[in-house]
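A closer look at the structure
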Protein chains: 2
Amino acid sequence: MYASIEAGGTKFVCAVGNSDLEIIERVSFPTTTPEETMNHVFAFFDQYKDEIKAFGIGSFGPIDIQEDSATYGYITKTPKTHWVDFDFIGAMKKYLDVPMMWTTDVNSSVYGEAKLGAGVDLDHVLYYTVGTGFGGGSIYKGRFTQGHSHPEMGHALVRRHLDDDYAGYCPFHGDCIEGMASGVAIEDRLGVRAETLGSDHPYWEIEAYYIAQSVYNATLYLSPNIVILGGGVMKVPGLLDKVKVAFAEILNEYLQVPDLDEYIVLPKLEDDAATLGNLLMAKELATV
Amino acid sequence: MYASIEAGGTKFVCAVGNSDLEIIERVSFPTTTPEETMNHVFAFFDQYKDEIKAFGIGSFGPIDIQEDSATYGYITKTPKTHWVDFDFIGAMKKYLDVPMMWTTDVNSSVYGEAKLGAGVDLDHVLYYTVGTGFGGGSIYKGRFTQGHSHPEMGHALVRRHLDDDYAGYCPFHGDCIEGMASGVAIEDRLGVRAETLGSDHPYWEIEAYYIAQSVYNATLYLSPNIVILGGGVMKVPGLLDKVKVAFAEILNEYLQVPDLDEYIVLPKLEDDAATLGNLLMAKELATV
């Protein structure tokens, strides 16, 4: 058995799977305090404790992924004050001392999609999640693109839409992309949750512009072979097409890019990308 | 002998070097029409023609680097209309049929700095050139970060400085980073060349803000271990320090980054980064 924890800022999803990566059981619960939330985690895995060979864990962040760091396995800065400097891997190792892969939640998703989903056989796969938060990760030739730490693409600065005077809610950067276009930003800006806006609401043109700008900047910084757009906001009917139109307008034929219907896509694994990515990372970790 | 061509949008630099990567001879001339410019290139290499084992070529772009493409080795889109769809590698192969490494001019520089300069022993090295144009490239674990094509970091969109009403000159995107902060943008904006502005001119605060934003966005997209800032504009006394201050302000302590004096640096190879990068690529190509 392999175990997955998708530790999102809003909810945790825990799952166990077998060596065929079939999901045996999965639960989810809201992200509250570390104590309460981790107790839910442990309670779920208790019944499988003797069988779990490894964990794949993708967490909201920023997190410390440097194995030689004194705070490896910690969540570091986050607007969620309860979780600042929480020793996630330390807590997990105390619970069950098996191999653990530790990365960001969006890296779990890009791993799933790159190895099992829309990015199979491509050199360079980039994944954005546009949900409660906004984040991105990429895999180039089988490895996460990183260095001193992991990417934090959701906090990149953006060019403001001309019809948009929303200030942005990011406590660190104001009108960065997460501050302008995440699910939280939409609710803060319009007073209603994204999923309750009709798909013909004029706001979606602005949202598409910001998402397209993220796809554009990722194209210029990383030149991936595909950009996969996941997360709850992307489920709005028609939004993907609006993003493609806005992307083409921003690009203005400057670069040759793949056909947009193959370049900007929804996740093939749908909501399972992170769980399957985690289970695969756990399996690979346990079988080296 | 190994040969280097740094094909910049303003000038070409050609050089030959020996197997110790000592530069034996180097010339430079302005970039005019392809015919005239390539005749200068051939005339320079003629005297070494029998000894040259391989070429390392870094070109302004965008260029086609996909080896299975019908237009591999071409310059593709460029505001320099004479050079649109110019078959660079075709012309070179007709001149001398030896192995040729073909990449962007900024990738030549990042290769030099990563292997021989400020980035030696680091996993992920990013290089920006802030000169006539504005460009960036990165090397992660020995390989250029790329995918469907090469990065074009100079055309990323930026958040406008509050005191700046310059429209930007980029014919494709207006106020992208190259349109706002390259040497051409500075001259277009202020009517004088960057090197004639005193280092205490108030404009440098605005320039530093845009460069810092590029460093910030590269940090969020790629998380490199070092960001090396080359190009003529970076030679302005005090500009590097202004960039570090502006970077820290934008970052707002959101992420842990390396010590800024080690993270944001000038090139160790100074103006030789691209030539040495090309010579090394040529040497490696000839000795596999």
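Each remark here, short or long, concerns the structure printed above.
Quick look at the structure, then.

Calculation rules
- Residues numbered from 1 in each chain as written.
- Chains lettered and ligands numbered in written order.
- Predicted model: local features only at pLDDT ≥ 70, side-chain atom pairs only at ≥ 80, totals over all residues.
- Heavy atoms only, no water.
- Contact = heavy atoms within 4.5 Å.
- Buried area = accessible area lost by both parts, 1.4 Å probe.
- Salt bridge = Lys/Arg side-chain N within 4 Å of Asp/Glu carboxyl O.
- Polar contact = N/O pair within 3.5 Å; in protein donor to acceptor, adjacent residues only side chain to side chain.
- Helix = DSSP H or I, 4+ residues; strand = E, 2+ residues; numbered from the N terminus.
- Nonpolar A, V, L, I, M, F, W, Y, C, P; charged D, E, K, R; others polar.
- Pairing = 2+ DSSP bridges.
- Axes fitted to C-alpha atoms, helices over the stretch in contact; angles between N-to-C directions.
- Expected span 1.5 Å × (residues − 1).
- Buried < 20%, exposed > 50% of the residue type's maximum accessible area, 1.4 Å probe, protein only.

Frequently, the measure chosen for interface size is the accessible area removed from exposure when the parts meet. Between chain A and chain B, the contact holds 52 residues from the first and 52 residues from the second. Sorting the residues of chain A by area buried against chain B places H148, Y221 and Y254 of chain A first, and these three jointly supply 21% of that buried surface. Across the chain A-chain B interface, the total number found is 3 salt bridges. Note that K77 of chain B and E253 of chain A form a salt bridge whose closest N and O atoms lie 4.0 Å from each other. Across the chain A-chain B interface, the total number found is 40 residue pairs in polar contact (both at pLDDT 80 or more). Where the side of chain A that touches chain B is concerned, the elements lending two or more residues are β6 (124-130), β8 (143-144), α6 (203-222) and α7 (239-251) of chain A. Of the residues in the side of chain A that touches chain B, the class split is 25 nonpolar, 19 polar and 8 charged.

A few words now on the sheet that holds strand β2 (residues 11-17) of chain A. All names here are of chain A. One open sheet holds the 5 strands; their spatial order is β3-β2-β1-β4-β5, and the pairing between them is mixed. Both outer strands of the open sheet, β3 (23-30) and β5 (100-104), are each paired with one neighbouring strand and no more. Sheet twist, expressed as the average angle between the axes of neighbouring strands with direction ignored, equals 10°. Both strand β1 (residues 2-7) and β2 contribute to a ladder of 6 bridges, which runs antiparallel. Across the sheet, residue I5 finds its bridge partner in β2, namely C14. Against the sheet, helix α3 (residues 105-116) touches β1, β4 (54-59) and β5, its axis set at about 105° to β5.

All names here are of chain B. Between its terminal C-alpha atoms helix α3 (residues 105-116) stretches 17 Å, which fits the 16 Å expected from 12 residues at 1.5 Å a residue. Among the 12 residues in α3, 9 count as buried, and that is most of the element. Taken together, the buried positions of α3 are occupied by V106, N107, S108, S109, V110, Y111, G112, E113 and A114.

Another aspect to go through is the environment of G147 of chain A. When you line up the elements, G147 of chain A lands in the loop between β8 and α4 (177-181). When the C-alpha atoms of G147 of chain A and V130 of chain A are compared, they prove to be 24 Å apart, with 17 residues separating the residues in sequence.

Turning our eyes to something else, we now look at the sheet that holds strand β7 (residues 134-140) of chain B. All names here are of chain B. Sheet architecture is open: 5 strands sit in the order β8-β7-β6-β9-β10, paired in mixed fashion. For this open sheet the edge positions go to β8 (143-144) and β10 (264-265), each flanked by a neighbour on one side alone. Bridge count for β7 against β8 is 2 bridges, and the pairing is antiparallel. Residue pairing in the sheet places I139 in a bridge with F144 of β8. Sitting on the sheet, α3 is in contact with β6 (124-130), β7, β8 and β9 (226-230), with an inclination near 45° to β7. Contacts between helix α6 (residues 203-222) and the sheet are confined to β6, β7, β9 and β10, with β6 contributing the most and set at about 155° to the helix.

Let's shift gears to unusual backbone geometry. Glycine aside, residues mostly have negative phi angles, and peptide bonds mostly take the trans form. Residues G61 of chain A and P62 of chain A are joined by a peptide bond in cis, for which omega reads 5°. With respect to the helices and strands, P62 of chain A occurs in the loop between β4 and α2 (88-95). In this structure, D85 of chain A is a non-glycine residue whose phi angle is positive, near 65°. Tracing the backbone shows D85 of chain A in the loop between β4 and α2. According to the relative accessible area criterion, D85 of chain A is exposed, its value standing at 51%. Its identity as a non-glycine residue notwithstanding, E253 of chain B has a phi of 60°, on the positive side. Note on placement: E253 of chain B falls in the loop between α7 (239-251) and α8 (260-263). Residue classification places E253 of chain B among the exposed positions, given a relative accessible area of 59%.

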